[in-house]
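Single-letter residue listing:
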Amino acid sequence: MSGSTTNAGGSVTVTLDGTNKSMKLPLLPGTIGPEVADIRKLYSELGIFTYDPGYGGTAACESKITYIDGDVGVLLHRGYPIEQLAEHSTFLEVAHLLLNGELPTPAEKHDFEQGVMRHTMLHEQLRSFYNGFRRDAHPMAIMCGVVGALSAFYHDSLDINDPEVRRISAFRLIAKMPTIAAWAYKYAIGQPFIYPRNDLGYAENFLYMMNAVPAEEYHVNPVLARAMDLILILHADHEQNASTSTVRLAGSTGANPFACIAAGIASLWGPAHGGANEAVLKMLREIGHVDNIPGFLEKVKDKNSGVLLMGFGHRVYKNYDPRAKIMQHTCHAVLKELGIKDDPLLDLAAELERIALHDEYFISRKLYPNVDFYSGIILKAMGFPTSMFTVLFAVARTVGWFSQWKEMIEDPSQRIGRPRQVYTGPTQRDYVALDQR
Ligand code: SDX
């Protein structure tokens, strides 16, 4: 097969070598970013598929939500740079932006916040789900189970074709995730579940449910509430990452949003994706001291060791992940607020980053810190146990997952996701009776 682009006509011509068969693939222009060759008719016209394991060169959908320019390290939500949203916005405002396309007016902001905060409670029957888990269950396992179970509680929310049902489902999922997450934590440490307080802000209420106990009053530190809100903003969406693609694929079958988000949580859990924040802290503890960094990096560079520098590298960013920069600054602010002058893990992480960024292995592969590199250090300082780090990612990403799921459902060109394959197994053969094998 050979190809040539003719940008003027907005197409690329593909010719099957050795035949007189060729076809024009239309080029779909985005508002920004590279043009995308439309291969939908390739099989019907030329009888061939494309091969792209890991989807490194495949656009699986059209989207208006998030744009990343990985070469320069730019991240835009609905056109707004992440740095501006992090500085000026709130998580619920960003949630409105992702879901509805625009920053809310003051009246819309009020209604949206009320809409979310009125759905923070869980059905009382859902409490008993927690008792079915071992006390030492990983909270991500609890998240997968309890979020999936939500579909059993909202029979009225399962008509995905009704826009009003979708609106209420978004409120329910965004509102209930912090409650589900905080209860997973309380269950693990054997403390009573704390019910949500709708007079508090979204992040504030989450910290309240995590840290309060019924026996005494608890006031959330506003600096920490703001830091939590910021962390949620930074994790809210990231275009077609693995968990979002999982949500879209599950949703393409017509499955209800609660089931789809549960699938997204499962996908996020892996250490190559959202589980990396937990893995970073484990890695830093294992390295232990700056003196051990060179030895550790030698292991990373040895392909047979199976050791990776967790929190480094990204499929799309070949430059600094802009979220990692903001996270690093937030880290210092949080430690200062908590009166922590020197955090050995932060010092170790900074030195690890410095050495890696000057090392030929990482330079040549364009490996930079990603969002997960510093987030664990902040979360640890805020008192979160390591096992809750990925749970926090899931709480924040729920709005991104839902926005992407909603966009897909509302897209008239949406079809069930169904990739093809290069089959390399045996060709047809006849069954052999057991006594002849
Ligand atoms: C997230 O996609 C998203 O948007 C995800 C995310 C989001 O918000 O949704 O941004 C969140 O998942 C962040 C990533 C968290 N994961 C980690 O920190 C785990 C460590 N990183 C890697 O496993 C890896 O970099 C990935 C999974 C993030 C990206 O994998 P790719 O795109 O498939 O890259 P690759 O494995 O093909 O790597 C290219 C080269 C390879 O070397 P060579 O074979 O060319 O010699 O770089 C090497 C890799 O071995 N490499 C690393 C490395 N990451 C890549 N070597 C050492 N340490 C690493 N971390």
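Residues numbered from 1 in each chain as written. Predicted model: local features only at pLDDT ≥ 70, side-chain atom pairs only at ≥ 80, totals over all residues. Heavy atoms only, no water.

J.: Before we go on, may I ask you to explain helix H11 (residues 257-268) in this structure?
T.: Each turn of an α-helix holds 3.6 residues, which means side chains three or four residues apart point in the same direction. Look at H11: 16 Å from first C-alpha to last across 12 residues, which is about the 16 Å you get at 1.5 Å a residue. Listing the buried residues of H11 in full gives Pro257, Phe258, Cys260, Ile261, Ala262, Gly264, Ile265 and Leu268. For H11, the secondary structure elements touched by its buried residues are helix H6 (139-149), helix H7 (163-189), helix H10 (242-251) and helix H18 (389-409). With a side-chain oxygen lying 3.0 Å from the backbone nitrogen of phenylalanine 258, the N-terminal cap of H11 falls on asparagine 256. (Helix = DSSP H or I, 4+ residues; strand = E, 2+ residues; numbered from the N terminus. Expected span 1.5 Å × (residues − 1). Buried < 20%, exposed > 50% of the residue type's maximum accessible area, 1.4 Å probe, protein only. Contact = heavy atoms within 4.5 Å. Polar contact = N/O pair within 3.5 Å; in protein donor to acceptor, adjacent residues only side chain to side chain.)

J.: Would you mind going over the pattern of salt bridges with me for this structure?
T.: Working definition: two side chains of opposite charge can pair if their charged atoms are close together. Applying the stated rule across the entire model yields 17 salt bridges. Lysine 282 serves as the salt-bridge partner of glutamate 286, at 3.5 Å between the closest nitrogen and oxygen. In this pair, glutamate 286 and lysine 282 are both assigned in helix H12 (residues 276-287), four residues apart and thus about one turn of the helix distant. The pair formed by glutamate 286 and lysine 282 is uniform in burial state, with each residue classed as exposed. Its salt-bridge partner being lysine 380, residue aspartate 343 comes within 3.8 Å of it at the nearest N-O pair. Pair noted here: aspartate 343 is in the loop between helix H14 (322-337) and helix H15 (344-357) and lysine 380 is in helix H17 (residues 372-381), with a separation of 37 residues, a long-range link. Exposure remark for aspartate 343: the relative accessible area of 7% places this residue in the buried category. Through salt bridges with shared partners, one network takes in Arg166, Lys406 and Glu410. (Salt bridge = Lys/Arg side-chain N within 4 Å of Asp/Glu carboxyl O.)

J.: What am I meant to see in the site of the ligand here?
T.: For the ligand, the set of nearby residues contains 24 residues, the closest of which are His238, His314, Arg315, Arg323 and Arg397. Note that a nitrogen atom of the ligand is positioned 2.9 Å from one of the backbone N or O atoms of alanine 272. Contacts to the ligand include histidine 314, whose side-chain N or O atom sits 2.7 Å from an oxygen atom. Considered on its own, the ligand offers 1100 Å² of accessible surface; in the complex 74% of this is hidden by protein. Residues of the shell around the ligand, tallied by class, amount to 11 nonpolar, seven polar and six charged. (Near = heavy atom within 4 Å. Areas by Shrake-Rupley, 256 points an atom, 1.4 Å probe, with all protein chains shown as cover. Nonpolar A, V, L, I, M, F, W, Y, C, P; charged D, E, K, R; others polar.)

What is shown is where atoms sit, not what they do.
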